[in-house]
Structure formats: structure tokens, C-alpha cells
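# Chains, contacts and geometry: an overview
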Amino acid sequence: MYTWGISSAGILAPANMSDINVFVGNTSYIDPEVYQLWLDGLSATDAVYARQHTGILRKTGATRDMLQYDTLDYYRTFSMLEKILHHPPQIANQMLLQIPPSTQKMLIEKYYEFDFPVLREILGKKLSSKNRKDLDDISEKTSIKLKSCRRQFDNFKRVFKVVEDMEGPIVKNIQSHFLISERLAKQYAAIVFFANNRFDTGKKRLQYLTVPDFTHCADEMIANWTVGSIDSKVDIDADIDRDFLQELRDTKILLDKDISDIHRNVVCSALQDKMSEKVYVDMESNFKIIDPCRQTGWTSENVRNFLEIYKTSCKQIEVFKRQPRLLRIWERYMDTLTRCILRMYHS
Amino acid sequence: MPGKLKVRVIAGRDLPVMDRASERADAFVELKFGNTTYKTDVYRKSLNPQWNSEWYKFEVDDEELQDEPLQIRIMDYDTYSAHDAIGKLYIDLNPLLWKDGVVGISGWFPIYDTMHGIRGEINVAIRVELFTDANKFRESSCGVKFFCSSCVPFNYTAAAIYGFVEELVVNDDPEYQWIDKIRTPRSSNEARQRLFSQLSGELQRKIGLKVLEMGGNAVIGYNQCFDLEGESGIVVRGIGTAVCLIKSSLMVSSPSSASPSRDPLREMWEFSRRKFPLTEDTETASPSSPTTTSPTKLSESPTKAVPCVTRRASDSDITGTPTKGGSLASSGSGSGPTKSAVPVVPIVPQSSIDMLEYPFFSINHFPSGFLVHLGGMVTARSVKLLDRIHNPDEPETRDAWWTEIRTEIRSHANAMGCHAVVGYRETTSICDEICVLSASGTAAVINLQTDAQQQAVSDQKGLLTMSLDRKEFEKEKGHMKETQSSSQDGANADDTSGETLFKCSLCHIPYKENSLPFPVSMAKCCKCGLSSVPDILFTTIQPPHELEILGKGCLLQARICRTKRKAQGEANAALVSDALPFMEYELHRQLMSKLKVKGMNTIFDLRVQVNVGETLLVGVATGTAVYLSALPPPTLLRVTSKGVTPNTGKHISDVQKKIVDTTTKNRDFYGVNPPETIGDSPESPRVQNNGDVEPVDDVTEINLSSGTKETFVLEIDDTEDEGIVSLILDPEIPKGFDLCSTEVYPGNKALSKQLQMFSVVYRQTFNLLETPNNRKLADIFDKLIKMACFKLRSMVPCCVCDLHFDVRIPEDDQIQIWLTAAVASVEKRSYEQQLTGKAPSDSDLQFTMEELSDQSSHIPFTGKSKAHKLPRLERRMQYIKDSAVYRPVVEITPLCYVPGATIDRYMGNINLYFIRESTSVREVGGVSGFMHSFVSEVQAMIRSHVLALGGNAIVAYDMIECVLSENPHKNQCQCLINVTGDAVRVIHDLELPSFSEEESMETCKTETIPENIHEKDSKEP
């Protein structure tokens, strides 16, 4: 399926196809630098150039020929490894290559690393084969080699496919299936979360957001809005708690003209004590969040205060007073939203 | 019906997707042995099937068990059409037939397909129950152990060495059968793989019968190869050294304080001698089921558990035993090489060397006292025409050919005053209908009656032949007195602890000086000054521990290629025959010159390979050069020219200067500056050194002047000769590397930990316009070495040892080289210290002192003892650090031991054949890509077989055959690889219990040690 690997002849072919120079050790030691070049999508020839630039020939007294054969050895090893890397737990079982455990870890981790610019482009897009074909646009835009883009795309897709319907905490699932670090697993969790819940991250208004912003938000949402977050009962982590969404609908009453007005008044009066006049005026005039806040030059402290009051002020509204359940839902919604907004609140 | 084979299929994992729609497979397993086939249920829709089958039972002959592999085929079920093959697995059952061997084979094996390579893994468990069969006329030789290791295996004692065994089996090559035209490549490959396995089984069985007949129970230094003759068939040849092995009950690693040794191999011999005779378990013939006869407890006890006390105790064992001369006192405790299957096997005393038809020994490491004198290298070659075999299906013709060669070798040895050939090897090179048979070895005078055997014999009741042998031997000694004195020396060495470590007598010539058919320069032994020694010594064996090496040695290689006219049939054979002597001569000349430039005087482990192509002959000689302190310092290589014109005169002196400079540099680099020759001019050799010593032997008085007459001179008359000069000056070895072809470090250091084992497959196509010449050939080899060093640069300082080059000429414009070597770290300490390093309480000092006392004062190694003592703590800390460092799950090494580890147990001989074919070579990265995966796959298969036998290393690993054929136009490629070795379980140095536990948890999750097979079974759901 993912045959973009380096097995196509052009990349691996030495000068003379019928010449052979193959070095196979009982233990496969991997040069991380060469591995990185391969991950970056460099062809073997380009990798030789790149290595040459490090002054390796001078330092070791090797010839260019030798460097090329060495690089090809590594590239062949990587192409053998690649199939295994698609199912990382196999790397410990497989017998084809004997690799020190520390190297195994490095190989997996690096293979699943991705470039933020690439992810930013892919995020929110359907991981379809059509979009895979369009990767050359992304490659052009990000000036990251197409091969590397494809690897990343395929990684996202692979992780997504494995964990999308899986029960239990999503980060743990990714870690156990792909043996990557928690840091990286969280990033993948975000991707899966966004992809699964169809967040439209591609909106123009969100363009300025970085990948860490998204992963942070996803992390918050996973932690608070999914079934797994309140219930230790096993469930799918990648979906937002259905009941919660249902209940959240009830808080829509806030959008009712009447209640909304009451809420606004309460908020405003509460804010008056805390905020400067100017801010208050701005706030009053448009009740949207990030963009306006930014336009009016709020500090994040301002935003925090506002959101806090926005949240708590509901307590004073009659409907919420009558339904403590509603209030709970509201708080669950607002707590996470606040943290997300605060994170997103930067230029 | 003397055996029952039981097989259980447990599970599969990571199978390939066989059904695109479901992305799964419906796998089942077919087991086949002989004519019986079993099938498991189909495990549907899974890539990780759990069959958990019952035990399938096959009732079989032990003959079959020896010959046939168990065939396991993994299939994908298809309701409508034929089932698709996923892959196959062949399992050699011979390790299960060793009486004290492993109880079962169990573990994960890669599923191998000749067209696709490895496709997932399968977990199987196999056991064999043997029943005793007292049939005298049986055809089987169950239980005879085969060791590729060219030494007496660790933990064993050679109670007797019976010498040369050989056998050859001939068969049709399935690749050349008519049916091959209609069957698929896959089935053709499988038929071939199966046949190789069967032939090798049959061959071993036949050799085993011969061994049993001799009274032995094992073959060591077993060497097996396939001659792919093409139309005339496949010949499988095996040679080895028949011995009677007895298990030593104690571990090798217990340091023998009484006699320091220089390498682990010697340690082993020393040990076995000392420990013998002890209780041994092989006696217990349990007729019903071998599964109950667990291997001897003692063999499982970990190395370091052996306290010094035991050593002392065993030492006292020795004191009671008779001294040399072998009084036949019986001690009654008849221990011996009894095999349950053999009705009566008395301890056959060592047969006399003179009674052996071919007194050849395929081993390269020898027990103390075994080697008496080394004569020199002997070689015989013969060119044969394969299409002239009258009866291609019968082995007679080939048998006759080899008999011819062996007879010649024997007579060569005799001419050198030697009655034996050690380090013996046989090879072939085939090109179309031409087949060049070669045999080589080192002529030697040996003493078969090692102390162990003398004891063995003395332990036996009423044995007599011994005395006869003895007499024979004395007679021989009468001939050459120094023989006696030396072996006396040897005897003394064993009785007293303060003996001389080194014995220069090994180098003393066993022949009369002028009795040789060719001139040899002689000198008086530089150590004792009593006997004559040759100025240069070429041998095929590993450096014996008795010989003192000055400084360190290095890899030495001569490469020659010659062009030849194209011809057919007999004319072609004649051309080849005519060319061979010249080739031989040139190789020799190059070796000699290079040796002198290195400033050394001896070559060990010399292997000469001659390859025939249609228009090309390539000869490569590889060995390890050292400076033996007993031999005279090598003279400088002198250059002369006959056609002297004013210009050439100047030129010659330039060349001479270059050679002198290089030689001086080399002498410094390798530490081979003999004190007395520093500043010596090439014309004044070392005569004065020993001129005044009165020789005591009765060898003809040496004419000292004759020694200098034959000084090696290089003549340069034309440009071609000038090329020779450039050829003998090797490029510098990259810093931090020691290179050698030997299994031990050629010098006074030890290999402390194996860091890597690697294989290089290299093939180069010559440009059609240029004729290959010596320079180009040399460049290829130099490049390969440099390349390997570049690859290993992160491991320096290290020693690339057991470096072997296998050269082929697959096409006339192509040269293929196969290189294998082990890479190990080197430590300043010597071997005995390495061994003591394991036992925390052992006195290091003791050894150092002893070793020092042995080193004569004029050797520039004196300050060493302090250096040894000082860094001890440091060393230990280094060790502890190292043991935390990664260690491969399965160690593969071409050496017969694992540096930095002790062999605890031999699990069985491994002999595997693989054929791999591809019809999409370009898509897998060309031939290089194809070969890279194939070699990796082969190594993977080896590792899995070792693990399944309960081992964690394979020693004496050798890639015997690697035949690659290619059809670029069809995008096709096919390769055959044959690998062998001995699966072992090793205990790593300073392997703390916590470490080993951790390691086994971490790395051996999938491994099942056969002993636990029952537990495992019960645990399975």
C-alpha cells in the first residue's frame, strides 16, 4: 500500500547495476545522521552529498566511493526496516535485523516524528488517498521533501486507523501500539482527535495557530470532554462524550435572547469592577472572543478574567440556579474552553 | 522402529496478507517427514494464527532421522483453487540425536519462501524419542557429534584422536533435471534445498558410521562443502577429524594456576587434561526415552560457580596418575566414550600415527604436546575434467581423484620428514567442465599420545597396544633427538608448574637439512641455539600457544591474476595445469616479499585459493604474518637488476630505499625489531648469534654459510617487475585497527569482547577493454579492507580477526569476493588473565609472575607485569560498564570461541542451505539490494535455529558456499548460500545474575529453552 519507499530502482541503484558491495553485520548499528537524511526524504545520492558536506571524508580518510556504498548499505537497511516500522511492536520480535534496544527506540521515535508545517497543512484534512496525492503542494509550500511528507501522511493515517475505534485512553493506546514517547503520542492523539471529530482547523481565522496550540487544546478536550475523562469505564477516547454534547445543547438557552441579555448584564456588571473602562466598552459592543479581543489589544490576563466571570456569572441566572446539572455541564464546557482559548490567544 | 518424532505447531505471527479483501490470511500448517504428512486446522482470518495443535507423532527410523529434515510448510487455505504457499521451514533433527544433547527444538522461526524471503514467523516445538537398537548392521550413526570448530570443544576431553575421516556423496542436481523445465522456480528451489539437506544428512550419517567403527563418538574440525558440478551433478564432501570425546565435568573457565596458558583454546586443552578422568554421564544408556536423560547437571552449572577449591582437588587427581611413558596401571573406573546405541565400545587406545592411512588432521588448534615439529605448508592440486566422468552418478571417480591428491599430500609431508599433516583442508574450484581440486595442510611431527589419552589408556584395564605405539614413537624419536627432548619438555611442563611456557622445538626442522628436494635457508634456533630452524615458516594452522610471538602480527595477502587463452576440454585442462605452477610460484614470491617487508618470518593460517575462469585465473593467499622469536630475523628484501644501465641503477637504489624505509617503519609499527638486528645491514645475517653454540642433535652439521646464500632477492628488469614492487607495499591500515586471519590475536594480547561479526558480498565487473591485472586485483582487496575499516570506525581500537576472503569468478569479466570476519576489542592482558577476570577472588598476580618468568630476559616485554597489575581495578570497572552495554541476543562468530564469554554447552551443529530467487531484481534495489536482504535473511534464520536449540551464540560460523547467478535482461537473480557452525550456549564474562535475568526477560521473550518444554506446554491455553 505504501510503496513509496526507497525500493524503486532509481534511488538505490549504484553506478553499475551489476556491481555489488553489501555489508551485513550480525548486529545492525544505525548511524542516526544517515537515518535522519533518509527520513528527510533525501535520495541516496543526495545523502552522500549531505554527508560529504560534514567533512566526513577528510576526517576518516574515506573515499567518496566508500561513502556511497556505506550510504547505500544504510538505505537498504532502512528499506528493510520500513515495513517493520509500520508495526513498531514487530521490531522487537522480528529476526531479520538484530538491533540494540536503544537503537530500536530511536528508530521508531524518529520515524514517527513529523514536521509541524506538514502537520499543520494536513490537520483537519481527510486522510484520503486523494489528499495523499496532493501532498506535492504541501511539499512545495513547506519545502519538505515529498517523500518525507508522504511518510508523515501515512503515519498519521496509520495511527488514525489503528486507534480510531479503540477503547481506552487514546494516548496510552498510541503508545502501546506504536511504542513512541508520551510527548509524541499526545501529538498523534490530537491529530486523531481532530480528525475524528471533524474539527475544521483549516479555517482562515485559525491559520495563525500552531501545531502545539492544537495539541494543547486537543489534550484539554480529551482530558475533559470525552467519556474516558469522567468515567474510568473503558470507552473510546477519540470521541467527545455524546451525552455531554447532548447536555451541552441544553445550555443553548444562553443563546436565547432573554437569557443572553441577563447573562450579559451580569457579566458586564461583574466586569466593571475588574476591568478598565475601555475594555469594558469593547466587550460590550461585540461579544465574540479571540479576534475581537486581539483587535482591542487585550492581555491574556484580561481574557482570563473575562472568561472566568463569563463562566461564573451563570450561577446568577435563574435557569441555572434551578438546574445544578446544567451548571455542571456549563462548567465542564467553560473550564476546557477557557484553557483552550487562553492557549489560542496569541498573535 | 527406533524413534518417535513429535511435533507441535503453536502459533504464527506477522504473516503476510494473503487475501486482499480481508487483509488477512487463512493459514494452516503441513508437517512432512518421510512419507507421513499431517495438517493443522485452518486458522481463519488472522495474521497471527494460534493453532495450538496437538503433538503430531511420526514413527521413524533413526537412519531417516539423520538424513531427512522435518519439513514444515505454511499454507493459505483457498476454498476454490489450490492453496497458496506462504513459506517453508526445514529443520535438521540431528542435534536432537546427540545423547546428552538438547531435549527439544522449540521457538519462533522465520517462515521462509525462496521467492519472497521471510514472511512472518512460526512457533513450533519438536522432540525426538529414540529407542536403543542393538543392530550391528545398522546404517545409522545416531549420536555421533559433529563440530565445525577446529579444536576439541570446550568442556570436552579428547580421550583419543583417531584422525582423518572423509566421505563424499553424489547426486543429480534438481536444477538440471528435465522436470525443471516444467515446474515453477519455487518448487525447483525447494526441491534443491531439500536435497541439500538430505545429502548433508546422509553424508554425516556415513561419516558417523566410520567414526563409530574407529571407536570414536565425534568429528571435530568438520568441513563440508558442495561442488555444484552442473550437468554431472552435485557432490557433497565432508572431511573431519574423528575423536573420542568425553565430557569434562567441570568448566573450562576455572583457571589452571599450575600452567599458564596463552589463549582460551589452550586453556581448554590444559583443563581437559587436568580434569580427566572424572565421572561422566554418557554411560547412562536409557533405552526408552532420551527425554528423561537430562543433560549432565554439571554442564549446566555456570562458570563462575566453580571455586578454586575444585581446581585444587582436580589437580590432585593428576598427581596420582602415572607420568609419561604410560605405565598401564588400571584404575578400574572405566569411563569412556560409550554410546548407548553401540553395543560394545571399549576405549580404543590411540592408534599409532603410522597406522593411519591418511595421517591428516582437519583441526587448527592443538593440545599441548600434540605438535612436536612443524615442517611447513604442503599443497597439492589437480585439474580434472567433469565431462569425462564415466559414471557421474557414482562417487568412485571423485573418490579416486581425492585419493590421488591425498596421497600426494602425504608424500610431500614425508619428504619433509613429517608423518602427519595438520590444519588440513580440501577445496575445489569449478568452471564449466574444469574442476581444480586442491588440498593443503601443514606437514608436522606430532605426538598423538597427549597426556589425556595416556591417562585414558591407563584408566582402561589391560590394554596393550599402547606400548606398541610408544615403541614406535620412541623409535621415531631415536631418529631425531630433539624430538625427544622437546616432548620430554612437554611432559615436564605438565608435571611441574614452573615449566617453560614457550617451546621453540616446534620450529626445529624435522627433516635433515639437505634432504629436502628444494633449498631452504637454515639457521640455528634463536631461542635455544641447539637445533636448526628454517628462516621462514608457512603454516595453515592457528598460532600454537607454545610459540612465542614478538610484537604483533598482521594480515598478509598475496593476490595474483593471470589471463589464459580460451579453450575447450582437454586443451583447456592442460592450459590450466600449466598455468598453476606459475601462479603458485608468483603467489609464493609475493608472500615472501611482503613478509620480509613486514619484518616478519612466519605465516599462520595461510589459505591459498585458486580460481579458474574461462580466460582468467585468480589466486589469493591469505594468512597472518608474525615474528616468531625462535626463527631468525628476516633479512631485508633486496632488489637487483640485471640489465643495468646508468638510469636503472639509480632507479633500483630508489626502490631499494623505499623498501628499506617501509620495512623499518613496519618493524617499529608491529614491534618486531629483534634487538640484535637493529641497524643490521641486509648482508649480515644473524649467524654470529648462534655460531658458537654446540649443536646437540644428530642432524647433519649445518653449513652456516649456506644459510645466507639463498637470501630472497627481487629482480626488477622491466616495468612489469616494477609493478611487483608496488604490489608488495601494502597501503597503511587505518589507525586503531589490527587485522588478522587467525582466530586469536597474533601477539601478546587477548580479544576481550566481540563487537560485531560481518559479511561483505562484493562483486565487480571489469571493464571489457582493460585486462584485469595484479594491480587492479590488489586494489580491489585493499579497497575492501579499507571499506570494512571505514564501516567499523566507531569500534576502534579493535581487532578484525578471522578475516577470510572467498574469491570466485562467476563470469569471466567478474570477480566476486565474500568476506567474513569478527570484530573484537583487544585488551592488553593475556588470555589467562582474561579468564581469571571472571572469578573475583582469583589471584591475578600469580599468572603475571609466571608468565613473566617464562619470558626470557632479552625480550622487550619486561616491564609488563606492573602494567598488568595496575589497571586491574580499572579493567573491572570497565567490565561492569561493558556488561550494561548491549549484547546481541544471538552472537555469531567465525571463531571457535566467543571472546569475552565462556562456552557452557554445545547445542548442536548447524548446517543450513538457502536458495533465494527474485524475478523483480530492479524493484528490490538491484542485485545489491537482493543480496543484502538475502544475507540478512540467512543470518536471521541462523539466529532463530540457535535460539530454538536453546543457544545464544554460534561459533565456527562459516559461509561455505555463495553462488549467485543473474539474468539482468529478465530482471532475475538467484543465489544459493550454505552456512555452518556450532550452536552453543555461552556465559558472558562477569555476567551478574541480575544482568542475565534482565537480559533474558528483555531479549528472549520468544525463546523457549528446550528444557522447559513441558512447563511451556502446560501453560499453553
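Residues numbered from 1 in each chain as written. Chains lettered and ligands numbered in written order. Predicted model: local features only at pLDDT ≥ 70, side-chain atom pairs only at ≥ 80, totals over all residues. Heavy atoms only, no water.

Let us now look at the overall build of chain B. Counting its regular elements, chain B contains 22 helices and 32 strands. Of all intrachain contacts in chain B linking residues separated by at least 6 positions in sequence, the fraction that spans at least 24 positions is 79%. Counting every atom, chain B has about 37,000 Å² of accessible surface; 53% of that belongs to carbon and sulfur. (Helix = DSSP H or I, 4+ residues; strand = E, 2+ residues; numbered from the N terminus. Contact = heavy atoms within 4.5 Å. Areas by Shrake-Rupley, 256 points an atom, 1.4 Å probe, with all protein chains shown as cover.)

For chain A, the count of helices and strands is 22 helices and one strand. Within chain A, contacts between residues separated by at least 24 positions form 68% of all contacts whose residues are at least 6 apart in sequence.

Let's shift gears to helix H2 (residues 185-214) of chain B. A rise of 1.5 Å per residue sets the reference length of H2(B), with its 30 residues, at 44 Å; its end C-alpha atoms lie 43 Å apart and thus fit the reference within 8%. Downstream of H2(B) by one or two residues, Gly215(B) has phi in the positive range, about 105°. (Expected span 1.5 Å × (residues − 1).)

All names here are of chain B. Size it by volume and the second largest cavity reaches roughly 170 Å³. Lining the second largest cavity are 17 residues, and of these Tyr90, Gln193, Leu912, Tyr913 and Phe914 sit closest to its centre. When contributions to the lining of the second largest cavity are tallied by element, the ones reaching two or more residues are strand S6 (84-92), strand S7 (104-113), H2, strand S30 (901-918) and helix H20 (926-948). Sort the elements by how many residues they give to the lining of the second largest cavity and S6 lands first, with five residues. Broken down by class, the residue content of the lining of the second largest cavity amounts to eight nonpolar, five polar and four charged. (1 Å grid on protein atoms, 1.4 Å probe; cavity = no way out; pocket = protein on both sides within 12 Å on 5 of 7 lines; lining within 4 Å. Points joined across faces, edges and corners; volume = space filled by probe spheres on them. Nonpolar A, V, L, I, M, F, W, Y, C, P; charged D, E, K, R; others polar.)

Right, let's get into the pattern of salt bridges. Counted by the stated rule, this structure contains 47 salt bridges over all chains. With a shortest N-O distance of 3.9 Å, Asp26(B) and Lys45(B) are connected by a salt bridge. On the criterion of sequence distance, the pair formed by Asp26(B) in the loop between strand S1 (3-13) and strand S2 (27-33) and Lys45(B) in the loop between strand S3 (36-39) and strand S4 (56-60) is long-range, its members being 19 residues apart. Given the relative accessible area of 48%, Lys45(B) is considered partly exposed. The residue Glu584(B) makes a salt bridge to Arg381(B) at a minimum N-O spacing of 2.7 Å. Separated by 203 residues along the polypeptide, Glu584(B) in helix H10 (residues 569-598) and Arg381(B) in strand S14 (residues 371-385) bring together distant segments of the chain. By relative accessible area, which is 27% here, Glu584(B) ends up partly exposed. According to the relative accessible area criterion, Arg381(B) is buried, its value standing at 14%. Within this structure, Asp31(A), Arg51(A), Asp70(A), Asp73(A), Arg76(A) and Lys791(B) form a network of salt bridges that share partners. (Salt bridge = Lys/Arg side-chain N within 4 Å of Asp/Glu carboxyl O. Buried < 20%, exposed > 50% of the residue type's maximum accessible area, 1.4 Å probe, protein only.)

Across the contact, 55 residues belong to chain B and 44 residues belong to chain A. Of the charged contacts, one joins Asp70(A) and Lys791(B) as a salt bridge, the two residues approaching to 2.6 Å between their closest N and O atoms. Run the count over chain B and chain A and you get 21 residue pairs in polar contact (both at pLDDT 80 or more). Where the side of chain B that touches chain A is concerned, the elements lending two or more residues are S7, strand S8 (117-130), strand S26 (750-765), helix H15 (774-791), strand S29 (891-892), H20 and strand S31 (953-967) of chain B. (Polar contact = N/O pair within 3.5 Å; in protein donor to acceptor, adjacent residues only side chain to side chain.)

On to the sheet that holds strand S16 (residues 434-446) of chain B. All names here are of chain B. An order of S13-S15-S16-S14 is seen for the four strands of this open sheet, with the pairing classed as mixed. At either end of the open sheet lies a strand with only one pairing partner, and these are strand S13 (360-361) and S14. Alignment of S14 against S16, held across 13 bridges, turns out to be antiparallel. Its bridge partner being in S16, Ala380 is matched across the sheet by Ala439. On top of the sheet, helix H6 (residues 396-415) reaches S13, S14, strand S15 (420-431) and S16; it is set at about 145° to S14, its chief contact. The sheet contacts of H10 involve S14 and S16, and relative to S14 the element is tilted by about 155°. (Pairing = 2+ DSSP bridges. Axes fitted to C-alpha atoms, helices over the stretch in contact; angles between N-to-C directions.)

This part is about the packing of aromatic side chains. Following the criterion strictly, the structure yields 37 aromatic pairs over all chains and no others. Aromatic rings pair up to connect Tyr35(A), Trp38(A), Tyr74(A), Tyr75(A), Phe78(A), Tyr111(A), Tyr112(A), Phe114(A), Phe116(A), Phe156(A), Phe178(A) and Tyr188(A) into one cluster. The ring of Tyr49(A) carries Arg64(A) above its face, with NZ or CZ at 4.8 Å from the centroid. Over the aromatic face of Trp55(B) sits the side chain of Lys6(B), whose NZ or CZ is 5.6 Å from the ring centroid. (Phe/Tyr/Trp six-rings, centres within 6.5 Å; stacked < 30°, edge-to-face > 60°. Lys NZ or Arg CZ within 6 Å of the ring centre and 35° of its normal.)

A few words on a negative patch on the surface. Judged by side-chain charge, Asp172(B), Asp393(B), Glu394(B) and Glu396(B) come together as a negatively charged surface patch. In this fold, Glu394(B) is placed in the loop between S14 and H6. (Patch = residues over 30% accessible without salt bridge, like charges linked within 9 Å, V, L, I, M, F, W, Y side chains within 5 Å. Lys, Arg positive; Asp, Glu negative; His and termini not counted. Charge placed at Lys NZ, Arg CZ, Asp CG, Glu CD.)

Here the focus is the packing of helix H11 (residues 146-163) of chain A against helix H13 (residues 182-196) of chain A. All names here are of chain A. Between H11 and H13, whose axes approach to 10 Å, the crossing angle comes to 75°. As far as their axial angle goes, H13 and H11 are roughly perpendicular. Contacts between H11 and H13 involve Asn155, Phe156, Val159, Phe160 and Val163 from the former and Tyr188, Ile191, Val192, Ala195 and Asn196 from the latter. Looking at the contact of H11 with H13 residue by residue, the class counts come to eight nonpolar, two polar and no charged. (Parallel < 35°, antiparallel > 145°, perpendicular 65-115°, else oblique.)

Our focus in this paragraph is the state of the cysteines. Residue and element names in this part refer to chain B. All told, the structure shown has zero disulfides over all chains when counted by the stated rule. No disulfide involves Cys435; its sulfur sits 11 Å from that of Cys431, the nearest cysteine. Considering cysteine sulfurs only, Cys431 is the nearest to Cys561, which forms no disulfide, with 15 Å between them. The class for Cys561 is buried, based on a relative accessible area of 10%. (Disulfide = S-S within 2.5 Å.)

The next subject is the sheet that holds strand S11 (residues 218-230) of chain B. Residues and elements named next belong to chain B. Ordered in space as S9-S11-S12-S10, the four strands form an open sheet in which the pairing is mixed. Edge positions in the sheet fall to strand S9 (145-146) and strand S10 (156-171), since each of these pairs with one other strand and no more. Each of S9, S10, S11 and strand S12 (233-247) touches H2; the most contacted strand, S10, lies at about 135° to it. Strand contacts of H6: S10, S11 and S12, with the helix running at about 135° to S10, the strand carrying the most contacts.

So, about the packing of helix H5 (residues 64-85) of chain A against H15(B). Direction vectors running N to C along H5(A) and H15(B) enclose 55°, while the axes themselves pass 10 Å from each other. One way to sum up the angle between H5(A) and H15(B) is to call them oblique. As H5(A) packs across H15(B), the resulting crossing turns out to be right-handed. Note on element contacts: H15(B) touches H5(A) through Lys783(B), Lys786(B), Met787(B), Phe790(B) and Lys791(B), opposite Asp65(A), Met66(A), Leu67(A), Tyr69(A), Asp70(A) and Asp73(A). Counted by class, the contact of H5(A) with H15(B) contains five nonpolar, no polar and six charged residues. (Left-handed = near helix turned anticlockwise from the far one by under 90°.)

With that settled, consider H15(B). Residue and element names in this part refer to chain B. The terminal C-alpha atoms of H15 lie 26 Å apart, and with 18 residues this matches the ideal 26 Å at 1.5 Å per residue to within 8%. Within H15, 13 of the 18 residues are buried, which leaves it mostly tucked inside the rest of the structure. Where H15 begins, the capping side chain belongs to Asn773, and its oxygen is found 3.1 Å from the backbone nitrogen of Arg775.

The next thing to look at is the confidence of the model for chain B. Residues and elements named next belong to chain B. Averaged over all residues, the pLDDT of chain B equals 74, while 69% of them reach at least 70. A low-confidence stretch, residues 266-348 (pLDDT under 50), is modelled with 196 contacts involving residues beyond four sequence positions or located in other chains. In the model, residues 831-884 has pLDDT below 50 throughout and makes 101 contacts with residues more than four positions away in sequence or in other chains. The complex prediction reports pTM at 0.79, with the ipTM value standing at 0.79. (pLDDT = per-residue confidence, 0-100.)

A word on the side chain of Asn601(B). Residue and element names in this part refer to chain B. Mapped onto the elements of the fold, Asn601 is located in the loop between H10 and strand S21 (602-612). Using a relative accessible area of 0% as the deciding quantity, one classes Asn601 as buried. There is a polar contact of 3.4 Å between the side chain of Asn601 and the backbone oxygen of Leu631. For Asn601, the contacting residues outside a window of four places in its chain are Asp535, Ile536, Leu537, Leu595, Val626, Tyr627, Leu628, Leu631, Pro632 and Pro634.

This paragraph deals with the pairing of strand S22 (residues 616-628) of chain B. All names here are of chain B. Most of S22 sits inside the fold, with 13 of its 13 residues counted as buried. By the bridge criterion, 12 bridges tie strand S20 (residues 549-563) to S22 in an arrangement that is antiparallel. Counterpart to Ala558 in the pairing with S22 is Ala621. Judged from the nine bridges that link them, S21 and S22 form a sheet pairing that is antiparallel.

Our focus in this paragraph is the pairing of S30(B). Both faces of the sheet carry side chains from a regular strand, because those side chains alternate between them. Residues and elements named next belong to chain B. Burial analysis of S30 places 18 of its 18 residues in the buried class, the great majority of the element. Pairing analysis gives 16 bridges linking S30 to strand S32 (residues 972-988), with the strands arranged antiparallel. If you follow Thr902 over to S32, its bridge partner there is Ile987.

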